[in-house]
Amino acid sequence: MPSKNEASNTQNNNPLDPVEPQAKDVDPVADDDWVRGDRGAKLALIEYSDLECPYCKNFHETAQSLVEDYSGQVMWVYRHFPLEQLHPKALEEAEAAECAGKLGGEKAFWQYIDKVFEVTPANNGLDLALLPDFAVEIGLNQAGFQTCLDSGETADLVSADYDSGVRAGVTGTPGNILLNTETGETKLIPGAVPLDQLKSAVDAMLN
């Protein structure tokens, strides 16, 4: 995880920032990635996200719209990139989401992520005592969820996501990468870009 000084400089969230042409060392979409949409899609939108980042909260709806509008052509891959020095609560929230996925599979993971972004005011504003309540709301066993969260057993999964984001060149959240799963071509799209800008990048890679 970044130091305090490094973290304070990682927020490259200006939606007007130019689209950078290539990401680097991007981990391919794996069976244990959390994917929304068609896993056989030609393009993957890989998002490195912090659950307390206000830009990620806004971008969540944008990414959902993209997958819906490009049904079968674009899948959305969620990877954790908690900026602990800016949002200390984000790490535990990420571990909680992984617990939800462990207990309930891909559907439960995405329901949990959706719920956190729906409820959190962002900027470290979520009451962490609500994390087990979210699990119950999506149909998970509260005791099993609490045991998972208390054990810290999903911490390594979150850390692995973060490390992969660093290798890929992510410096802030949301750190978005378009990956052509057929050719390996990548495009780094930093920040909560508007849907139209995101679609332009997608169209360019699909054609």
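What counts, and where the lines are drawn
- Counting restarts for each chain, with residues numbered from 1 along the sequence as it is written.
- Side-chain atom pairs in this predicted model are given and counted only at pLDDT of 80 or more, local residue features only at pLDDT of at least 70, and totals for whole chains, interfaces and linings cover all residues.
- Neither water nor hydrogens contribute to the side-chain values; these are computed over all heavy atoms in the structure.
- The term salt bridge refers to a side-chain nitrogen of Lys or Arg lying within 4 Å of a carboxyl oxygen of Asp or Glu.
- Elements are defined by DSSP. Helices are runs of H or I of four residues or more, strands are runs of E of two residues or more, and each kind is numbered from the N terminus.
- How far a helix is expected to stretch is found by multiplying one less than its residue total by 1.5 Å.
- Contact definition: two residues touch when any of their heavy atoms are within 4.5 Å.
- We call a set of buried residues a nonpolar core when its members are Ala, Val, Leu, Ile, Met, Phe, Trp, Tyr or Cys and they connect through side-chain atoms within 4.5 Å of each other.
- Here the term buried applies to any residue with accessible area under 20% of the maximum for its type, exposed to any over 50%, and partly exposed to those in between, with areas from a 1.4 Å probe on protein chains only.
- We call two strands paired when DSSP finds no fewer than two bridges between them.
- Lines fitted to the C-alpha atoms define the axes, with helices restricted to the stretch that makes contact. Angles between their N-to-C directions range from 0 to 180 degrees.
- Clockwise travel from the first strand over the helix to the second, with the strands pointing away from the viewer, marks a crossover as right-handed.

## A short note on the pattern of salt bridges
For side chains bearing opposite charge, pairing can occur when the charged atoms are close. As enumerated under the stated definition, the model contains 8 salt bridges in all. Between Asp114 and Arg36 there is a salt bridge, with the nearest N and O atoms lying 2.7 Å from each other. Highlighted residues: Asp114 in helix 3 (residues 89–119) and Arg36 in strand 1 (residues 34–36), separated in sequence by 78 residues. Put simply, Lys115, Glu118 and Glu137 are held in one network by salt bridges that share partners.

## Remarks on helix 7 (residues 195–206)
In a regular helix each residue adds 1.5 Å, so 12 residues correspond to 16 Å; helix 7 covers 16 Å between its end C-alpha atoms and thus fits that length. If you follow the buried residues of helix 7, they end up packed against strand 2 (43–49), helix 2 (54–69), strand 3 (74–80), strand 4 (175–180) and strand 5 (186–190).

## Quick word on the nonpolar core
Ranked by size, the top nonpolar core spans 43 residues in total, and within it Leu45, Tyr112, Leu131, Phe145 and Val202 carry the most contacts. For this core, the secondary structure elements donating two or more residues are strand 2, helix 2, strand 3, helix 3, helix 4 (131–137), helix 5 (142–151) and helix 7. Ranked by the residues each element gives to this core, the list is headed by helix 3, at 11 residues. The residues contacting Val202, other than those within four sequence positions of it, are Leu43, Leu66, Tyr70, Val74 and Leu178.

## Topic: the sheet that holds strand 3
Read from one edge to the other, the open sheet built from 5 strands follows the order 1-3-2-4-5, with strand pairing classed as mixed. The sheet terminates laterally at strand 1 and strand 5, the two strands that pair on one side only. When strand polarity is set aside, the average angle formed by the axes of neighbouring strands in this sheet is 25°. Here strand 2 pairs with strand 3 via 7 bridges, running parallel. For Tyr48, the partnering residue across the bridge sits in strand 3 and is Arg79. In the packing of helix 2 onto the sheet, the strands contacted are strand 1, strand 2, strand 3 and strand 4, and the crossing angle to strand 3 comes to about 155°.

## Focus on the pairing of strand 2
Within a regular beta strand, the side chains point alternately toward one face of the sheet and then the other, so they alternate between its two faces. With 7 of 7 residues buried, strand 2 is to be regarded as a mostly interior element. Both faces of strand 2 are covered, namely the face carrying Leu43, Leu45, Glu47 and Ser49 and the face carrying Ala44, Ile46 and Tyr48. Running through helix 2, the crossover from strand 2 to the neighbouring parallel element strand 3 is right-handed. Two strands pair when backbone bridges link them, and strand 2 and strand 4 are joined in this way by 6 bridges, in the antiparallel orientation. Within strand 4, the residue paired with Glu47 across the bridge is Asn176.

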